[in-house]
Amino acid sequence: DIEVPESHPRYLSLLTRHRIEAGVEKGITSMQGLIAEGRGEAFDYLLGERTLDSADAAERAAAAHLLLARHPVISVNGNVAALCPGELVELAEATGADLEVNLFNRTDERVRAIADHLREHGAEAVKGLTADARIPGLDHERAKVDADGIYDADVVLVPLEDGDRAEALGAMGKTELVVDLNPLSRSPQVAAVPIVDNVLRAIPNVTAHARDLADAEREELAAIVEAFDREAALADAERAIRTGGDRADGG
Ligand code: ATP
Ligand code: MG
């Protein structure tokens, strides 16, 4: 959907900008989302626009968590809906998770537009429109979730969640899997599994791990969850940003 050859060294970055812009035009991404995208892009540049081995380990641990969960839910905001709608649908299918639209700057119009967008990309059921439960400790609009969705979930994948809500979901006892390119942001800091990677790479890779683990025994999945070290993953991402050395294009 973009006139840039895939061989272009900044292909992914240009594709991302284009999709976010189109998301704003389509009414699924907010103006705040544009700013969040800029922050993400800067961190991705510093990380070398690649998936670190530590991020791959986090993505495998996230897959194991989703497969072990009683009720896994994938939270969808305007940025991830614009960036990788089909990939979110595939991950939901591979793990049996619900998809729930969950917005920081919530309007019913935007929730509906995102739900429609996900359905256009193959989603069957999309939650988030009922909004009949509240996350304790947040102001009214930011607290809205579905009673049979995020409110009931034991494991929630929150790509690009804001810090306040990540903390509030954690306080409800939910296991949070967070995708965020900034390892110092509060959301990955409070996550059980911080995935410091671009959602465009992270979501398909969690799906690939989930497919690989589809027939695994619960014991094996539990061992993967147990072996994952969140502090080490955050520290490795920070190290990669500070040293920046191994960029494919030399920076
Ligand atoms: P807080 O401390 O409250 O989390 P913040 O400045 O991080 O404050 P957010 O709303 O969480 O505010 O910002 C959006 C986050 O999403 C940023 O950390 C940014 O790096 C990250 N981000 C943006 N685009 C992507 C992307 N494509 N993939 C992964 N992470 C992204
Ligand atoms: Mg953040």
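Remember, predicted model here, so these are calculated numbers, not experimental data.

About the cut-offs
- Residues numbered from 1 in each chain as written.
- Chains lettered and ligands numbered in written order.
- Predicted model: local features only at pLDDT ≥ 70, side-chain atom pairs only at ≥ 80, totals over all residues.
- Near = placed C-beta within 6 Å.
- Helix = DSSP H or I, 4+ residues; strand = E, 2+ residues; numbered from the N terminus.
- Nonpolar A, V, L, I, M, F, W, Y, C, P; charged D, E, K, R; others polar.
- UniProt positions renumbered as here; feature names shortened; annotations may be inferred.
- Contact = placed C-beta atoms within 7 Å.
- Buried ≥ 20, exposed ≤ 12 C-beta atoms within 10 Å, placed from the backbone.
- Axes fitted to C-alpha atoms, helices over the stretch in contact; angles between N-to-C directions.
- Left-handed = near helix turned anticlockwise from the far one by under 90°.
- Arc of directions from axis to C-beta.

**Structural notes on the site of ligand 1**
Around ligand 1 lies a shell of 19 residues, among which Ala36, Gly40, Gly163, Asn182 and Ser185 are the nearest. Counting only elements with at least two residues in the shell around ligand 1, the list comes to helix H2 (31-47), helix H4 (78-83) and helix H9 (186-190). With five residues, the single largest contributor to the shell around ligand 1 is H2. In terms of residue class, the shell around ligand 1 is built from seven nonpolar, seven polar and five charged.

**Some details on the UniProt feature "binding site: ATP" (unreviewed entry) in the protein**
As annotated in UniProt, the feature "binding site: ATP" (unreviewed entry) corresponds to Arg17, Arg39, Asp180, Leu181, Asn182, Arg186, Ser187, Asn198 and Val199 in the numbering used here. Spatially, the listed residues are scattered: they cover 183 residues, and their C-alpha atoms lie as much as 24.1 Å apart. Relative to the elements of secondary structure, Asp180 occurs in the loop between strand S6 (175-179) and H9. Those residues in contact with Asp180, other than ones at most four positions away along the chain, are Leu160, Ser185, Ser187, Pro188, Pro194 and Val196. Among the secondary structure elements, Arg186 is positioned in helix H9. A residue is classified by how many C-beta atoms lie within 10 Å of it, and Arg186, with 17 of them, is partly exposed. Those residues in contact with Arg186 that lie beyond four places of it in its chain are Gly163, Ala166 and Glu167.

**Let's talk about the packing of helix H3 (residues 53-68) against helix H12 (residues 230-243)**
The N-to-C vectors of H3 and H12 enclose an angle of 150 degrees; their axes lie 9 Å apart at closest approach. Handedness of the H3/H12 crossing: left-handed. Facing Ser54, Ala57 and Ala58 of H3, the residues of H12 in contact are Ala232, Ala233, Asp236 and Ala237. Among the residues forming the contact of H3 with H12, the class breakdown is five nonpolar, one polar and one charged.

**Things to note about helix H8 (residues 163-171)**
Those residues of H8 not exposed but buried are Arg165, Ala166 and Leu169. Viewed end-on, H8 has its buried residues packed into an arc of 105 degrees, placing them on one side of the element. Against the buried residues of H8 lie helix H7 (140-143), strand S5 (155-159), S6 and H9. Looking at the residues trailing H8, positive phi occurs at Gly173, about 85 degrees.

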